[in-house]
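# Structural characterization, general
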Amino acid sequence: MRKKSSQVFLLAGAASLVVLGVTAAAGQAAAQAVKTAQDRSADLFTRDRGVGVRERPRPDYEAVGATSGSFVIFPKIQFDTEYNDNVFAVENGKQDDFIFRIRPEVTAESDWSRHYIQGYARSIISRNADFDSENTEEWTVGTTGRLDIVRGSNISGGAEYARVVEPRTSSNTASTAASPIEFDMASAYVTAVRAMGRIRVSGRADVRSFDYEDGRTTAGAVIDQSDRDRTVVNGAGRLDFALSPATAIFGQVSVNDKDYDSDAAGTTPARDSSGYEALVGVNFELGAVSRGEVAAGYISQSFDNAAYGDIDGFGARAQLEWFPTELTTVTASASRTIQDAGIIGAAGYLSSEVGAKIDHELLRNLILTAQLSYGEDEYNGIDRDDQRLNASVSGTYLINRHYGVTTTLAYLDQGSDGALAGPSYDVTRLYASFVAQF
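Note that this is a predicted model, so its numbers are computed, not measured.

Calculation rules
Residues numbered from 1 in each chain as written. Predicted model: local features only at pLDDT ≥ 70, side-chain atom pairs only at ≥ 80, totals over all residues. Heavy atoms only, no water. Helix = DSSP H or I, 4+ residues; strand = E, 2+ residues; numbered from the N terminus. Buried < 20%, exposed > 50% of the residue type's maximum accessible area, 1.4 Å probe, protein only. Contact = heavy atoms within 4.5 Å. Areas by Shrake-Rupley, 256 points an atom, 1.4 Å probe, with all protein chains shown as cover. Salt bridge = Lys/Arg side-chain N within 4 Å of Asp/Glu carboxyl O. Phe/Tyr/Trp six-rings, centres within 6.5 Å; stacked < 30°, edge-to-face > 60°. Lys NZ or Arg CZ within 6 Å of the ring centre and 35° of its normal. Patch = residues over 30% accessible without salt bridge, like charges linked within 9 Å, V, L, I, M, F, W, Y side chains within 5 Å. Lys, Arg positive; Asp, Glu negative; His and termini not counted. Charge placed at Lys NZ, Arg CZ, Asp CG, Glu CD. pLDDT = per-residue confidence, 0-100. Polar contact = N/O pair within 3.5 Å; in protein donor to acceptor, adjacent residues only side chain to side chain. Core = buried A, V, L, I, M, F, W, Y, C linked by side-chain atoms within 4.5 Å. Pairing = 2+ DSSP bridges.

### Some remarks on the overall build of the protein
Of the regular secondary structure elements, the protein holds two helices and 21 strands. Counting over 438 residues, the protein shows a buried share of 42%. Taking contacts inside the protein between residues at least 6 apart in sequence as the whole, the part at least 24 apart equals 59%. Approximately 21,200 Å² of the protein is accessible, and the part contributed by carbon and sulfur atoms is 59%.

Following this line, the structure appears as structure tokens:
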């Protein structure tokens, strides 16, 4: 898998270089572009009359960055202190702990009137007061680029490589592991959008590679994770038709191919599969009061090994935003998708989730947020259904353009049913964060 991860990472870098190279080569010609009918058509798909609380510019509280040539560099560091009442996410024998995190980050982005390039690097270093086994280090490096052809038409792409730690609360993680499971993820993508009168056409292609490290039990036994190593290739196309400047209908089709590297020494049949999602929907804006997108259709995933039954059925995605006042944003979301499973005997699961969030600007520099979501996962290949409830409240106080603090109280309730049910538990977390940016 290391070899394949390297290949994917090289592909990621190549994709990014292609985008950046095209940007440089086409920069002079694109700069001479004038407003055309194609430019005007972009207005039929713009949904920006309402401005969300989190989107609103706050010049007095935004980092300025350091200018270097035609780029601006934004360094940032965040310090977290967390209390967790169930560190190992178990049903019985809860153990609590304090966790301290440092999140350094640096972003460099272009300061051009047209086109855009960004590079970034970030890390999360976590240390527990009592349980050293839960100490982790994560990091991510990546780049993105966008070529603006004319208004409403552009090509973009990017690449990223990350070392990720799977949280104890993940339903796919090995609950018997002495330390959290780690994996490397490499990804690359290319997108294109073109608006022509009342029609907008868009497409996306991306590839992701996952390379998991084996875990170990407290007794030292190896927990083989090689059956989760995989490469996923996705392609999607979408056609929008504007009925008016505030409403458009669309159709979207996406396909995927998932190639797993091994069968974990024969303990789990390989999970190779291919699938598709076909949706139709509407994208709209009701003045400055609300906007959203709702789509429904059919989803299907077929597995090469007969040991797994195919997953198919109703698919949906939706996000609605309501602006009852300029100081409050209410967001509702829903989805029904097919996800990969990391549990022995299961290849995937049908995931349904609904959620709501309220952001309120109590003061110009004080934002309050409340979130609530509920989800259900139906596994194929094994008798197991999971349910989870997430709730949180938080407050963010922006001291000035350089410093800010956030306090959050979060609750997770995870339930599992069936002959091969997973753990059921609840976790309460209270944490405070201090951010310094320049």
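Once you've had a look at it, read on.
### Re the pattern of salt bridges
For the structure shown, the criterion picks out 29 salt bridges. Residue Arg-429 pairs with Glu-82 through a salt bridge whose shortest N-O separation is 2.9 Å. With a gap of 347 residues between them, Arg-429 in strand S21 (residues 425-437) and Glu-82 in strand S2 (residues 71-84) connect regions that are remote in the sequence. For Arg-429, a relative accessible area of 29% gives the class partly exposed.

### A short note on the packing of aromatic side chains
Enumeration according to the criterion identifies 11 aromatic pairs in this entry. Relative to Tyr-298, the ring of Tyr-276 lies with its centre 6.3 Å away and its plane at 35°, an arrangement referred to as tilted. One end of the pair, Tyr-276, is in strand S13 (residues 273-286); the other, Tyr-298, is in strand S14 (residues 290-303), with 22 residues separating them in the sequence. The interplanar angle of 40° and the centroid separation of 4.9 Å between the aromatic rings of Tyr-349 and Tyr-379 together place this pair among those described as tilted. Highlighted residues: Tyr-349 in strand S17 (residues 348-363) and Tyr-379 in strand S18 (residues 366-379), separated in sequence by 30 residues. Residue Tyr-349 shares its accessibility class with Tyr-379, and that shared class is buried. Here Arg-230 stacks its cationic end above the ring of Phe-210, 4.1 Å away from the centre of that ring.

### Notes on unusual backbone geometry
With a phi close to 50°, Ala-89 is a non-glycine residue in the positive phi region. The backbone of His-115 shows a phi angle near 65°, a positive value even though the residue is not glycine. Looking at the element boundaries, His-115 is found in the loop between strand S3 (97-110) and strand S4 (116-128).

### Describing a negative patch on the surface
Taken together, the side chains of Glu-376, Glu-378, Asp-383, Asp-385 and Asp-417 define an acidic patch exposed on the protein surface. Examined against the element boundaries, Asp-417 turns out to sit in strand S20 (residues 403-417).

### Here's the deal with the confidence of the model for the protein
Scored by pLDDT, the protein comes out at a mean of 90, with 89% of its residues at no less than 70. Confidence drops under a pLDDT of 50 for residues 1-38, and excluding neighbours within four residues, the segment shows 62 contacts in the predicted structure.

### Describing the side chain of Glu-277
Summarising the element assignment, Glu-277 is placed in strand S13. Side chain to side chain, Glu-277 and Arg-317 meet in a polar contact 3.1 Å long. Those residues in contact with Glu-277 that sit more than four places away from it in its chain are Gln-252, Val-253, Ser-254, Tyr-298, Ile-299 and Arg-317.

### Thoughts on the side chain of Glu-166
By the element assignment, Glu-166 lies in the loop between strand S6 (153-165) and strand S7 (182-196). Classification of Glu-166 by relative accessible area gives buried; the value is 6%. Once residues within four sequence positions are removed from consideration, Glu-166 is found in contact with Asn-172, Thr-173, Pro-180, Ile-181, Phe-183, Tyr-212 and Arg-228.

### Section: the environment of Leu-430
Following the sequence through the fold, Leu-430 ends up in strand S21. Leu-430 gets classed as partly exposed once you look at its relative accessible area, which sits at 44%. When the C-alpha positions of Leu-430 and Val-393 are compared, they lie 10.0 Å apart, and in sequence the two are 37 residues distant. Filtering out sequence-adjacent residues up to four positions away, Leu-430 remains in contact with Thr-81, Glu-82, Tyr-83, Thr-407, Thr-408 and Leu-409.

### Quick look at the nonpolar core
With nine residues, the main nonpolar core is built from Ala-174, Ala-177, Ile-181, Phe-183, Met-185, Phe-210, Tyr-212, Ile-223 and Val-232. Contact partners of Phe-183, with chain neighbours within four places excluded, come to Ala-162, Arg-163, Val-164, Glu-166, Phe-210, Asp-211, Tyr-212 and Glu-213. Within the second largest apolar cluster, seven residues are counted, among which are Tyr-308, Ile-311, Ile-338 and Leu-350.

### Quick look at the environment of Ala-205
Among the structural elements, Ala-205 can be located in strand S8 (residues 199-212). A C-alpha to C-alpha distance of 9.9 Å links Ala-205 and Asn-256, two positions 51 residues apart in sequence.

### A few points about the pairing of S13
Of the pairings in the sheet, the one linking strand S12 (residues 247-260) to S13 comprises 12 bridges and is antiparallel in character. When the bridges of S13 are listed, Thr-247 appears paired with Phe-284. Across 14 bridges, S13 lies against S14 in antiparallel orientation. Looking across to S14, one finds that Phe-284 is bridged to Gly-292. Between S13 and S14, which pair antiparallel in sequence order, lie three residues; one of them, Gly-287, sits at a positive phi of approximately 55°.

### Side note on the pairing of strand S5 (residues 136-150)
Where S4 meets S5, 11 bridges bridge the pair, whose relative direction is antiparallel. Looking across to S5, one finds that Ser-123 is bridged to Trp-139. Taken together, S5 and the strand that follows it, S6, pair antiparallel across an intervening segment of two residues, in which Gly-152 is found at a positive phi of about 90°.

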